Amino acid sequence: MPTEVKTLNEILDLAATQFQVPREKLSPDDDFFKTLKIDSLQALSLLTRLEQHFNVELPDYELQGVSDFRTLAERIQARL
Amino acid sequence: MQSNGKTISWQLTNGVIEVALHREPCNEIGAQSLDELEHLASSLPALEQQAHVLIFYSKLACGFSAGGDLRELYRGMQAMERKAALTGIREFHQRIHHVMNTFDASPLTTIAVVHGIVFGGGLELALTCDLIVADKTARFCFPELRLGIIPGFGGIPRLKRDLGNAVVRDLILTGRSFNSAKAQQIGLVSQVVAEGEALRVARLTAAQLGKFDRATAAAAKKFAKPIPYDELRQEIDIVCELYASPAVEAALKKFVESTDAQPYLP
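Definitions and limits used
Residues numbered from 1 in each chain as written. Chains lettered and ligands numbered in written order. Predicted model: local features only at pLDDT ≥ 70, side-chain atom pairs only at ≥ 80, totals over all residues. Helix = DSSP H or I, 4+ residues; strand = E, 2+ residues; numbered from the N terminus. Rg over C-alpha atoms; globule rule 2.2 N^0.38 Å. Buried ≥ 20, exposed ≤ 12 C-beta atoms within 10 Å, placed from the backbone. Contact = placed C-beta atoms within 7 Å. Nonpolar A, V, L, I, M, F, W, Y, C, P; charged D, E, K, R; others polar. Pairing = 2+ DSSP bridges. Axes fitted to C-alpha atoms, helices over the stretch in contact; angles between N-to-C directions. Core = buried A, V, L, I, M, F, W, Y, C linked by C-beta atoms within 7 Å.

### Concerning the overall build of chain B
Each helix and strand counted, chain B has eleven helices and eleven strands in total. Taking 18 Å as the expected radius of gyration for a compact globule of 266 residues, we find that chain B reaches 18 Å, a close match to that expectation. Principal-axis analysis of the C-alpha atoms gives chain B an extent of 55 × 35 × 35 Å. For chain B, the proportion of its 266 residues judged to be buried stands at 42%. Summarising the internal contacts of chain B: among those between residues at least 6 apart in sequence, 76% fall at separations of at least 24.

In structure tokens, the structure reads:
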């Protein structure tokens, strides 16, 4: 099982690639809605990519109120 | 033969009717969409003489469809007396059911090509189709319970027809969204393909289906795919009863006026 740090880094890499943001501009505690400049539907597309990458199923209600990469990583890590 | 509407366009080429959804921002189904879907439904008997496959797809990047136009619905409810609004809601649902039932019962083999957002009424449109081809970006959801209603365009009866009941309960009662891999695992989606490839794959499928005798394909479909008319009628009654609750209008208001980053999660 990957460590939470590895999971977090992979999430940051994926988000940077998907939304074409320089990776170095993303930090674990960023509000990803603001940093990536995405809306809720785009956040769902990120969730889809993350589910595919980590081969997990993450109900979206678990992400209600979650807007930072670190907490997102915790939620995914709990299902790995 | 072709038709170019404001929300949908379709054309018949080599026995395949391709229906493109293109209403910004994400193919929300409102009054204009319903008018144009009715036009398509009423044109089908003539088209069916020359076609073997009907394909629905979206031209918009955001996805297949976000479902019913809740903003239009809310504005309509605000503009009318309560009784008139509820009458209008019933009429809308009766009309959309007629359209969905026409697509469902068409002797053509029907294919929904989906990507991105496939929510609520959009998913219900896909459910009328015989096959769903999804690309990996597709995300499906029945979020209606979050608004205090149930799916109103035939969702639960068709889910019950096509999927196991435990799965139906999970999708409806949690309102959670799920990806194309999950959709294929539960039997909702027949093929999952790479991003941007779903329409091409559907066309290949249509070409294969064109080799079959049309009358035999229609007979096989009619035998394999019962239309749950009684439950569909019940659904209209249940939905209209729920819309009469003040809680629904409050939930719609919250959704429409939300500036929250996640308005799909009331």
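What follows picks up the thread again.
### Comments concerning the overall build of chain A
Across its full length, chain A carries four helices and zero strands. Going residue by residue from the N terminus, the α and β elements of chain A occur as α-α-α-α. Expected size for 80 residues packed as a compact globule is a radius of gyration near 12 Å; at 11 Å, chain A falls within 12% of this value. In terms of its C-alpha atoms, chain A occupies a principal-axis envelope of roughly 30 × 25 × 20 Å. A buried classification covers 22% of the 80 residues belonging to chain A. Relative to all contacts within chain A whose residues are 6 or more apart in sequence, the contacts with residues 24 or more apart total 56%.

### Some points on the interface of chain A and chain B
The interface of chain A with chain B comprises 14 residues on the first partner and 16 residues on the second. Partitioning the side of chain A that touches chain B into residue classes produces five nonpolar, six polar and three charged.

### Brief notes about the pairing of strand S2 (residues 8–13) of chain B
All names here are of chain B. Bridge count between strand S1 (residues 2–4) and S2: three bridges; the pairing is antiparallel. Each bridged residue has a counterpart across the sheet, and for Ser-3 the counterpart in S2 is Trp-10. Taken together, S1 and the strand that follows it, S2, pair antiparallel across an intervening segment of three residues. As paired elements, S2 and strand S3 (residues 16–21) share six bridges and run antiparallel to each other. In the sheet register, Thr-13 faces S3, and the bridge partner there is Val-16. The hairpin formed by S2 and S3 contains two residues between the paired strands, and Asn-14 there has a positive phi angle of roughly 50 degrees.

### Some points on unusual backbone geometry
In this model, Glu-24 of chain B is joined to Pro-25 of chain B through a cis peptide bond whose omega is 0 degrees. Examined against the element boundaries, Pro-25 of chain B turns out to sit in the loop between S3 and helix H1 (31–47). For Lys-37 of chain A, which is not glycine, the phi torsion reads 55 degrees and is therefore positive. Mapped onto the fold, Lys-37 of chain A is located in the loop between helix H2 (32–35) and helix H3 (40–54). What makes Lys-37 of chain A exposed here is the crowd of 10 C-beta atoms within 10 Å. Phi is positive for Asn-55 of chain A, close to 55 degrees, though the residue is something other than glycine. Position of Asn-55 of chain A among the secondary structure elements: in the loop between H3 and helix H4 (69–77). Residue Asn-55 of chain A is classed as exposed on the basis of its 9 C-beta neighbours within 10 Å.

### Remarks on the sheet that holds S2 of chain B
Residue and element names in this part refer to chain B. Read from one edge to the other, the open sheet built from seven strands follows the order S1-S2-S3-S4-S6-S8-S11, with strand pairing classed as mixed. Here the strands that pair on one side only, and so sit at the sheet edges, are S1 and strand S11 (191–193). Averaged over neighbouring strand pairs, the angle between their axes works out to 20 degrees when direction is ignored. Note: strand S8 (residues 131–135) against S11, three bridges, orientation parallel. Following the sheet pairing, Asp-135 is matched in S11 by Val-193.

### A short note on the sheet that holds strand S10 (residues 178–179) of chain B
Remark on secondary structure: sheet strands pair via backbone hydrogen bonds, oriented parallel or antiparallel. Overall, mixed pairing links the four strands, which are arranged S5-S7-S9-S10 (chain B) in an open sheet. On the outer flanks of this sheet lie strand S5 (63–65) and S10 of chain B, each paired with one strand and no other.

### Things to note about the nonpolar core
Membership of the largest hydrophobic core comes to 64 residues, with the highest contact counts inside it found for Ile-55, Val-113, Val-114 and Ala-126 of chain B. Here the element with the most residues in this core is helix H3 (residues 82–105) of chain B; it accounts for six residues. Other than its neighbours up to four places away in sequence, Val-114 of chain B contacts Phe-64, Ala-126, Ile-132, Ala-134, Ala-138 and Ala-198 of chain B. Core analysis: the second largest hydrophobic core is formed by eleven residues, Phe-32, Leu-36, Leu-58 and Ile-76 of chain A among them.

### Here's the deal with the environment of Met-1 of chain B
Residue and element names in this part refer to chain B. With respect to the helices and strands, Met-1 occurs in the segment before S1. A residue is classified by how many C-beta atoms lie within 10 Å of it, and Met-1, with 12 of them, is exposed. On a C-alpha basis, the gap between Met-1 and Gln-50 in space is 10.0 Å, while along the polypeptide they are 49 residues apart. Discounting chain neighbours no more than four positions away, the residues touching Met-1 are Gln-11, Leu-12 and Leu-47.

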